[in-house]
Amino acid sequence: IELHTFMLEELDKLVQDFQALQKKKEGYDMKSITVAAQATVNAKIESQYDITSEDIESAVLMYHTMLATDQEFAAINIKIQHTMGKLMGTPFAP
């Protein structure tokens, strides 16, 4: 949960920075922006926690039964999806 909270915080920062840039100039390739955002957040997680995105995915899969009933984990994931939607310009509705 701590990693996903960190992920959300870093993603929020990127979205704010990108939205400020978008006001100045249009014409960004949203797929490239999304990939760049994911790579940036993954690099920050690896630097902060010394863990890769593959390690996180493996842990989530290993503990999916427990995490599926964790309301805090679910709320963070919804916020991450909403934030990614803001980045891509597509609203997320849970």
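Worth saying up front: this structure is predicted, and the values here are computed from it rather than measured. (Residues numbered from 1 in each chain as written. Predicted model: local features only at pLDDT ≥ 70, side-chain atom pairs only at ≥ 80, totals over all residues. Heavy atoms only, no water.)

### Some words on the overall build of the protein
Here is the rule: Only DSSP runs of H or I with at least four residues qualify as helices, and only runs of E with at least two residues qualify as strands; both kinds are numbered from the N terminus onward. Only protein chains enter the calculation, and the probe is 1.4 Å; a residue is then buried if its accessible area is under 20% of its type maximum, exposed if over 50%, and partly exposed in between. The contact rule is simple, with two residues in contact once any of their heavy atoms fall within 4.5 Å. The protein chains shown are the only cover counted for residues, whose accessible areas, like all others here, come from Shrake-Rupley with a 1.4 Å probe. Under the counting rule used here, the positive set is Lys and Arg, the negative set is Asp and Glu, and His together with the chain ends is not counted. A charge is said to be at NZ when it belongs to Lys, at CZ for Arg, at CG for Asp and at CD for Glu.
Helix and strand content of the protein: 5 helices and 0 strands. Secondary structure of the protein in N-to-C order comes out as α-α-α-α-α. Projecting the C-alpha coordinates of the protein onto the three principal axes gives extents of approximately 45 × 30 × 20 Å. For the protein, the proportion of its 94 residues judged to be buried stands at 26%. Here the contacts in the protein between residues at least 6 apart in sequence split such that 72% fall between residues at least 24 apart. Split by element, the accessible area of the protein, about 6600 Å² in all, is 57% carbon and sulfur. Taking the average location of the 8 positive side-chain charges in the protein and that of its 14 negative ones, the two points are 13 Å from each other.

### Some thoughts on the packing of aromatic side chains
What counts is decided by this rule: Ring pairs shown here join Phe, Tyr and Trp side chains whose ring centres sit within 6.5 Å, with only the six-membered ring taken for Trp; geometry is labelled stacked below 30 degrees between planes, edge-to-face above 60, and tilted in between.
Within the structure shown, the criterion is met by 1 aromatic pair. Ring centres of F6 and Y49 lie 5.3 Å apart, and the angle between their planes is 80°; this geometry places the pair in the edge-to-face category. Note that F6 is positioned in helix α1 (residues 2–24) and Y49 in helix α2 (residues 30–49), a separation of 43 residues in sequence. A residue is classified by how much of its surface remains accessible, and Y49, at 27% relative accessible area, is partly exposed.

### A closer look at helix α5 (residues 71–88)
In plain terms, the rule: Multiplying one less than the number of residues by 1.5 Å gives the expected span of a helix. Side-chain atoms alone can form a polar contact between residues adjacent in sequence; in general such a contact is a pair of N or O atoms within 3.5 Å, and within protein one must be able to donate a hydrogen while the other accepts it.
The terminal C-alpha atoms of α5, which comprises 18 residues, lie 26 Å apart, in line with the 26 Å expected from a rise of 1.5 Å per residue. Three or more residues of α5 are buried, namely F73, I76, I80, T83, M84, G85 and L87. Capping the start of α5, D70 holds a side-chain oxygen 3.0 Å from the backbone nitrogen of E72, two or three residues further along. Phi for G89, located one or two positions after α5, is positive at around 80°.

### Examining the packing of α2 against α5
Quick reminder of the rule: Working convention: axes come from line fits to C-alpha atoms, limited for helices to the stretch in contact. Angles between N-to-C directions cover 0 to 180 degrees. What sets the label is the angle itself: under 35 degrees gives roughly parallel, over 145 gives roughly antiparallel, 65 to 115 gives roughly perpendicular, and the rest give oblique. Two helices that cross are described as forming a left-handed crossing if the nearer one is turned anticlockwise from the farther one by less than a right angle, and a right-handed crossing if clockwise.
The geometry of α2 relative to α5 is characterised by a closest axis approach of 9 Å and an angle of 140° between their N-to-C directions. Taken together, the axes of α2 and α5 lie oblique to each other. Considering how the two elements wind past one another, α2 and α5 form a crossing that is right-handed. Of the residues in α5, those in contact with M30, I33, T34, A37 and Q38 of α2 are M84, L87 and M88.

### What to know about the confidence of the model for the protein
The test is simple: Confidence of the predictor in every single residue is expressed as pLDDT, which spans 0 to 100.
Mean pLDDT over the protein works out to 89, with 93% of the residues at or above the 70 mark. Of all helices and strands in the protein, the one with the weakest mean pLDDT is α1 (88), whereas helix α3 (residues 53–62) scores best (95).

### Comments concerning the pattern of salt bridges
Put simply, the rule reads: The working definition used for a salt bridge is a side-chain nitrogen of Lys or Arg within 4 Å of a carboxyl oxygen of Asp or Glu.
Throughout the structure, instances matching the rule amount to 2 salt bridges. Of the charged contacts in the structure, one is a salt bridge between E10 and K13, with a shortest N-O distance of 3.2 Å. Taken together, the positions of E10 and K13, both in helix α1 and 3 residues apart, correspond to about one turn of that helix. Under the relative-accessibility criterion, E10 is labelled buried at 7%. Judged by relative accessible area, which is 46%, K13 ranks as partly exposed. Close ionic contact of K44 with E10 constitutes a salt bridge, the shortest N to O distance being 3.1 Å. On the criterion of sequence distance, the pair formed by K44 in helix α2 and E10 in helix α1 is long-range, its members being 34 residues apart. Taken together, the shared-partner salt bridges connect E10, K13 and K44 into one network.

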